[in-house]
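Residue strings, one per chain:
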Amino acid sequence: MEFALLNGEIIERSEAKVDVEDRGYQFGDGVYEVIRIYNGKMFTIDEHLKRFVKSADSIGISIPFTSLQLLEMLEELLIKNKLETGNIYMQVTRGISPRNHLFPTGNVEPTLVAYTIKGVRPLDSLKSGVKAILTEDLRWLRCDIKSLNLLGNLLAKQKASEEGCFEAIQHRGQDVTEGSSSNIFIVKDGSVITHESNNLILKGITKDVILELCTKNNIQVQERTFSLAELEEAEEVFLSSTTAEVMPIIEIDGKKIRAGVPGPINKKLQELFEKEIEKQCGLLVDKV
Ligand code: PDD
């Protein structure tokens, strides 16, 4: 039997239902997190909980549990669902209220939901790399909030998929921002470059782990905006996310990067990233 967390209670997943007037359902009025599980343990959980609270705060939703309570509930959910490898999806919305653009007045409790999803590491793609397309970034100007409103991201990802690609690299004019569900990195003159964490991108937790690994291992890093021209001339390109880890990009809009082979810095970072997973969650059976 599968379980889900609904407003502090762990119940049978098939019983976890959303009201038609939940503001998450009607307006996308909420925020979410995706947390990776290796060996039954949560990777970078403190960072995910911090970002969850920060995203909620930034749209005026007060999560009715402390981070410690959330942590304990998620741990219980993991044990009940016997999840070894996969993800936890967690979201909070502004709650249930008659449809109105204005925030509800009175005591409307936020709706908090979490459930687990089984899923192995994408080892084949991590080894051989994935293809991407370029697409104009059509999203709003608060991409730092991990909001449920993902239409811009969905349209970009769908376009990539229809062109036989894994990811859409978004850009505002000449500036590269981020992927539809990932952060984007290039290597230029041996330096790792990725967009600074501001309102135009999500401050990825995987991105921050990678930047820290670079710094600790004497790999030069620059957090700054880079252009489409720099992307085109890059020595290596890769993306990062909770589910895709550190994924090589070997082709963009049909043009191969490094003759379509993942680069040495990317491979080194994959190795360091696996060590970081093992530090937090125990030994991995299969590695890149
Ligand atoms: N996506 N940028 C966007 C727009 C994202 O949606 C994500 C993650 C990232 C990477 O963030 P992190 O390293 O913290 O996962 C960057 C998640 C996995 C998702 O929506 O499924």
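Residues numbered from 1 in each chain as written. Predicted model: local features only at pLDDT ≥ 70, side-chain atom pairs only at ≥ 80, totals over all residues. Heavy atoms only, no water.

A. Representation of the overall build of the protein chain. Along its length, the protein chain carries eight helices and 16 strands. The globule rule puts the C-alpha radius of gyration for 288 residues at 19 Å, and the 19 Å found for the protein chain is close to it. On the principal axes, the C-alpha backbone points of the protein chain span a range of 55 × 45 × 35 Å. Residues classed as buried in the protein chain amount to 52% of the 288 residues present. At a minimum sequence separation of 6, the contacts of the protein chain that also span at least 24 residues come to 71%. Element-wise, carbon and sulfur atoms account for 53% of the exposed surface of the protein chain, whose accessible area totals about 14,000 Å². (Helix = DSSP H or I, 4+ residues; strand = E, 2+ residues; numbered from the N terminus. Rg over C-alpha atoms; globule rule 2.2 N^0.38 Å. Buried < 20%, exposed > 50% of the residue type's maximum accessible area, 1.4 Å probe, protein only. Contact = heavy atoms within 4.5 Å. Areas by Shrake-Rupley, 256 points an atom, 1.4 Å probe, with all protein chains shown as cover.)

B. Seen up close, the pattern of salt bridges. Counting across every chain of the model gives 19 salt bridges. The salt bridge involving arginine 224 is made with glutamate 230; its shortest N-O contact spans 2.8 Å. Residues lysine 279 and glutamate 276 are paired through a salt bridge, measuring 3.5 Å at the closest nitrogen-oxygen approach. In this pair, lysine 279 and glutamate 276 are both assigned in helix H8 (residues 264-281), three residues apart and thus about one turn of the helix distant. The exposed category is assigned to lysine 279, whose relative accessible area is 64%. Shared partners join several salt bridges into a network, and the residues in it are Asp137, Arg139, Arg172 and Glu178. (Salt bridge = Lys/Arg side-chain N within 4 Å of Asp/Glu carboxyl O.)

C. Seen up close, the side chain of threonine 135. Within the fold, threonine 135 resides in strand S7 (residues 130-136). Polar contacts involving the side chain of threonine 135 include one to the side chain of lysine 159, which spans 3.2 Å. Once you skip the residues sitting within four places of it in the chain, threonine 135 turns out to touch Ala156, Lys159, Ala168, Ile169, Gln170 and His171. (Polar contact = N/O pair within 3.5 Å; in protein donor to acceptor, adjacent residues only side chain to side chain.)

D. Highlighting the sheet that holds strand S4 (residues 41-42). The six strands are arranged S2-S1-S6-S5-S3-S4 in an open sheet whose pairing can be described as antiparallel. On the outer flanks of this sheet lie strand S2 (9-12) and S4, each paired with one strand and no other. Relative to S2, strand S1 (residues 3-6) runs antiparallel, the two sharing four bridges. Looking at S2, one finds that leucine 5 is bridged to isoleucine 10. (Pairing = 2+ DSSP bridges.)

E. Expanded view of the site of the ligand. Taken together, 19 residues are adjacent to the ligand, and Tyr32, Arg51, Glu178, Thr206 and Thr242 come closest. A distance of 2.8 Å is found between an oxygen atom of the ligand and a side-chain nitrogen or oxygen belonging to arginine 51. The side chain of threonine 206 places a nitrogen or oxygen atom 2.5 Å from an oxygen atom of the ligand. Look at the ligand: alone it shows 480 Å² of surface, and the protein chains cover 89% of it. Taken together, the elements giving at least two residues each to the shell around the ligand come down to strand S3 (30-38), strand S9 (175-179), helix H6 (205-216) and strand S14 (236-241). (Near = heavy atom within 4 Å.)

F. Representation of a nonpolar patch on the surface within the structure. Nonpolar side chains collect at one region of the surface, where Val18, Val20 and Tyr25 lie side by side and expose about 350 Å² of accessible area between them. Along the chain, the position of tyrosine 25 falls in helix H1 (residues 23-27). On the basis of relative accessibility, which here comes to 60%, the residue tyrosine 25 falls in the exposed class. (Patch = residues over 30% accessible without salt bridge, like charges linked within 9 Å, V, L, I, M, F, W, Y side chains within 5 Å.)

G. View of the pairing of strand S10 (residues 183-188). With five of its six residues buried, S10 lies for the most part within the structure. Alignment of S10 against S14, held across five bridges, turns out to be antiparallel. Paired with asparagine 183 across the strands is serine 240, a residue of S14. Linkage of S10 to strand S11 (residues 191-194), two consecutive antiparallel strands, is achieved through a turn of two residues, within which aspartate 189 is found at a positive phi near 50°.

H. View of the domain arrangement of the protein chain. Each assigned domain of the protein chain is listed with its residue range as follows: domain 1 (3-118) and domain 2 (123-281). Inter-centroid distance (C-alpha atoms) of domain 1 to domain 2 is 26 Å. Domain 1 puts 26 residues into the contact, and the matching count from domain 2 is 20 residues. Counting the surface lost from both domain 1 and domain 2, the interface buries some 1,900 Å², and carbon and sulfur atoms represent 63% of this. When the area that domain 1 buries against domain 2 is broken down by residue, the three leading residues are Tyr32, Phe43 and Arg51, summing to 35%. (Domains from an automatic or database assignment. Buried area = accessible area lost by both parts, 1.4 Å probe.)

I. Here's a closer look at the nonpolar core. Met42 and Leu74 are the most contacted members of the largest nonpolar core, which has 27 residues in total. For this core, the leading source of residues is helix H3 (residues 67-81), giving six residues. Each residue touching methionine 42, except ones within four places of it in the same chain, is listed here: Ile35, Arg36, Ile37, Leu71, Leu74, Glu75, Leu78, Ile88, Gln280 and Cys281. (Core = buried A, V, L, I, M, F, W, Y, C linked by side-chain atoms within 4.5 Å.)

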